[in-house]
Amino acid sequence: MKKYIAVSLVLFVALFYSCKTGESSSSEDGIKVMAYYYPGRGNFEPASLPLDKLTHIIWSFTEVIDNEMKFKRDTSGIMLKSLVKQKRKHPHLKVMIACGGWGGSGGFSEMARSPENRKKFVASVVDFIKEYKLDGLDIDWEYPGMPGIGNPYIPEDKENFTALMCELRAALDGIGKDQVLTFAAAGWERFFDHIEIEKVMNCVTYMNIMTYDNVTGGTPYTAHHTNLGLVKRSDITGTPADMKMKEEGDTLDPSSAEKIVSFLIDKGIKPSQLVIGAAFYGRAWKGVPPDNNGLYQINRGVWPGSARYSDIRERMEDKNGFVRYWDPAAKAPWLYNAADSVFISYEDTVSIKLKTKYVAEMGMAGIMFWQLGGDSGKDGLVDAIYNEKQKH
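Residues numbered from 1 in each chain as written. Predicted model: local features only at pLDDT ≥ 70, side-chain atom pairs only at ≥ 80, totals over all residues. Heavy atoms only, no water.

Draft legend 1. Quick look at the overall build of the protein chain. A count of helical and extended segments in the protein chain gives eleven helices and 13 strands. Compactness check: the protein chain gives a C-alpha radius of gyration of 21 Å against a globular reference of 21 Å for 392 residues, within 12% of the reference. Within the structure as shown, the protein chain displays about 16,900 Å² of accessible surface, and the carbon and sulfur contribution to it stands at 51%. Between the mean site of the 48 positive side-chain charges and the mean site of the 50 negative ones, the protein chain shows a separation of 4 Å. (Helix = DSSP H or I, 4+ residues; strand = E, 2+ residues; numbered from the N terminus. Rg over C-alpha atoms; globule rule 2.2 N^0.38 Å. Areas by Shrake-Rupley, 256 points an atom, 1.4 Å probe, with all protein chains shown as cover. Lys, Arg positive; Asp, Glu negative; His and termini not counted. Charge placed at Lys NZ, Arg CZ, Asp CG, Glu CD.)

Listed below in structure tokens is the structure:
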């Protein structure tokens, strides 16, 4: 036990002074395009995916089960191997595995609490990556030091998350120096009170910022859920959303990609390690009054229509009573159906091009999105990212 702790401490300190955080030099140039991929049952066709337009694809998800990284479904392994085979046609592509997710983070806190548990988990990660011939790992712990969907958590998650990420870095380096290690971070500031951000960034390749779900189905007012642009509180003063936020004691500016990126850069994080997020789905509410075409109004709950971008584009974007509007401050679109009182916040080809351009101008690592299966195919969101990327 003492010997293990001593060795771990040496590795831990060495990693803090190491600039080796994954990715070989051949893949350092250009905007990274990272697709989270959550294949549904019955529609898995890896050969049809736009892999030529991606740099990374992140299979989602494994979970922490008995302090090891495992699939919950036996069929997932067969499907993942089929995806990895596509690298024969797309040798540039990095295939990664994600562990956790909103509904799968329940095992992280207990696992990370002791060196013995972390050692078991890290060993299982190494075995998993070798078995499936993968290029890296994404840790999607939602969230250290906070309950997320109702998961166990303790204050010590903060230090334990650092130890976990740095021990994973050491183990992945043992496989190969080009192994990628990322983690999914919330797109709001409070998340960063619960991790040791500078120490963690010394051990990971990239931070994937979930700049979506800024508002959710439970939010009592309408707003943008995945906006790039900084919306100041003065921009919404006097709206029902502003008044509701005041009732709830919220005095902050609304969330946005520009806001959280500025926050992280001010903390000393290198832009070259930051990846912002895009959403291939929308957030929709019902019972929304027509003032301001539905934006920043009180709603009466979640609208049960489809949230996939492909469905929004095919059936709702300037169709069937829905009208598309644009918010120049948020740099984001929305749809409003006055007859049905339905409001939809979503990503479109215009907003996602602006995000890609922003990444290039800021010298950031790239853009990621949840999730690939929501795209519309031809001239969709992946095409918009790819076409904008070619300009930079």
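What follows picks up the thread again.
Draft legend 2. Main features of the environment of T216. Within the fold, T216 resides in the loop between β7 (206-210) and α7 (240-247). When its relative accessible area of 30% is taken as the criterion, T216 is described as partly exposed. Along the backbone, T216 and V122 are 94 residues apart, and their C-alpha atoms lie at a distance of 33 Å. Aside from chain neighbours lying at most four places away, what touches T216 is R283 and W285. (Buried < 20%, exposed > 50% of the residue type's maximum accessible area, 1.4 Å probe, protein only. Contact = heavy atoms within 4.5 Å.)

Draft legend 3. Looking closely at the state of the cysteines. Under the criterion given, the structure shown has one disulfide. The disulfide bridge from C166 ends at C203, spanning 2.0 Å between sulfur atoms. The S-S bond linking C166 to C203 shows a torsion near 90 degrees; that makes this disulfide right-handed. In this pair, C166 is assigned in helix α5 (residues 157-175) and C203 in the loop between α6 (197-201) and β7, connecting sequence segments 37 residues apart. The exposure class of C166 is buried, given its relative accessible area of 1%. Take C203: its relative accessible area is 0%, and that puts it in the buried class. (Disulfide = S-S within 2.5 Å.)

Draft legend 4. Just the pairing of strand β12 (residues 342-345), in detail. Of the two faces of β12, the one lined by V342 and I344 and the one lined by F343 and S345 are each fully buried. Of the pairings in the sheet, the one linking strand β9 (residues 283-285) to β12 comprises three bridges and is antiparallel in character. Paired with A284 across the strands is I344, a residue of β12. Summarising the sheet, strand β11 (residues 332-337) and β12 pair through four bridges and their orientation is antiparallel. Following the sheet pairing, N337 is matched in β12 by V342. Between the antiparallel neighbours β11 and β12 lie four residues, among them S341 with a positive phi of about 60 degrees. (Pairing = 2+ DSSP bridges.)

Draft legend 5. A look at the sheet that holds β11. On the basis of which strands lie adjacent, the open sheet formed by four strands has the order β9-β12-β11-β10 and antiparallel pairing. The sheet is open, and its two edges are formed by β9 and β10 (323-327), each paired on a single side. Each strand axis lies, on average, 20 degrees off the axis of its neighbour in the sheet, ignoring direction. Strands β10 and β11 of the sheet are contacted by helix α10 (residues 349-362), whose axis makes an angle of about 25 degrees with β10. (Axes fitted to C-alpha atoms, helices over the stretch in contact; angles between N-to-C directions.)

Draft legend 6. Inspection of a positive patch on the surface at higher detail. Taken together, the side chains of K81, K85, R88 and K133 make up a positively charged region of the molecular surface. Mapped onto the elements, K133 comes out in the loop between α4 (115-132) and β5 (136-140). You can call K133 exposed: its relative accessible area is 61%. (Patch = residues over 30% accessible without salt bridge, like charges linked within 9 Å, V, L, I, M, F, W, Y side chains within 5 Å. Salt bridge = Lys/Arg side-chain N within 4 Å of Asp/Glu carboxyl O.)

Draft legend 7. Examining the packing of aromatic side chains more closely. Scanning the model with the defined rule gives 23 aromatic pairs in all. With a centroid separation of 6.1 Å and 50 degrees between ring planes, the pair formed by Y36 and W370 is classed as tilted. Pair noted here: Y36 is in strand β1 (residues 32-37) and W370 is in strand β13 (residues 366-370), with a separation of 334 residues, a long-range link. On the numbers, 6.4 Å between centres and 25 degrees between planes, the contact of W334 with F343 is stacked. (Phe/Tyr/Trp six-rings, centres within 6.5 Å; stacked < 30°, edge-to-face > 60°.)

Draft legend 8. Main features of α5. For α5, with 19 residues, the first-to-last C-alpha span of 27 Å sits near the 27 Å given by 1.5 Å per residue. For α5, the tally of buried residues reaches 14 of 19 residues, placing the bulk of the element in the interior. (Expected span 1.5 Å × (residues − 1).)

Draft legend 9. Spotlight on unusual backbone geometry. Here the residue pair S60 and F61 is connected by a cis peptide bond, since its omega of 10 degrees sits within 30 degrees of zero. Position of F61 among the secondary structure elements: in strand β2 (residues 56-65). Unusually for a residue other than glycine, N292 sits at a positive phi of about 55 degrees. By the element assignment, N292 lies in the loop between β9 and α9 (309-315). By relative accessible area, which is 45% here, N292 ends up partly exposed. Here the phi dihedral of D318 falls at roughly 60 degrees; this positive angle occurs in a residue that is not glycine.

Draft legend 10. Quick look at helix α2 (residues 75-84). Listed in full, the buried residues belonging to α2 are S76, G77, M79, L80, L83 and V84. The buried side chains of α2 occupy one side of the element, clustering within an arc of 165 degrees when seen end-on. Next to the buried residues of α2 lie β1, β2, β4 (94-100) and α4. (Arc of directions from axis to C-beta.)

Draft legend 11. Structural context of the pattern of salt bridges. The tally for this structure, following the rule as stated, stands at 16 salt bridges. With a closest N to O distance of 3.0 Å, R118 and E167 form a salt bridge. Placement of R118 in helix α4 and of E167 in helix α5 is noted, with a sequence separation of 49 residues between them. Taking the shortest distance from any N to any O, the salt bridge between K246 and D242 comes out at 3.5 Å. Taken together, the residues span about one helical turn, with K246 and D242 both in helix α7 at a distance of four residues. Here K246 falls in the exposed class, since its relative accessible area comes to 55%. A single network of salt bridges, built from pairs that share partners, joins R169, D173 and K177.

Purely geometric stuff here, so don't read any function into it on its own.
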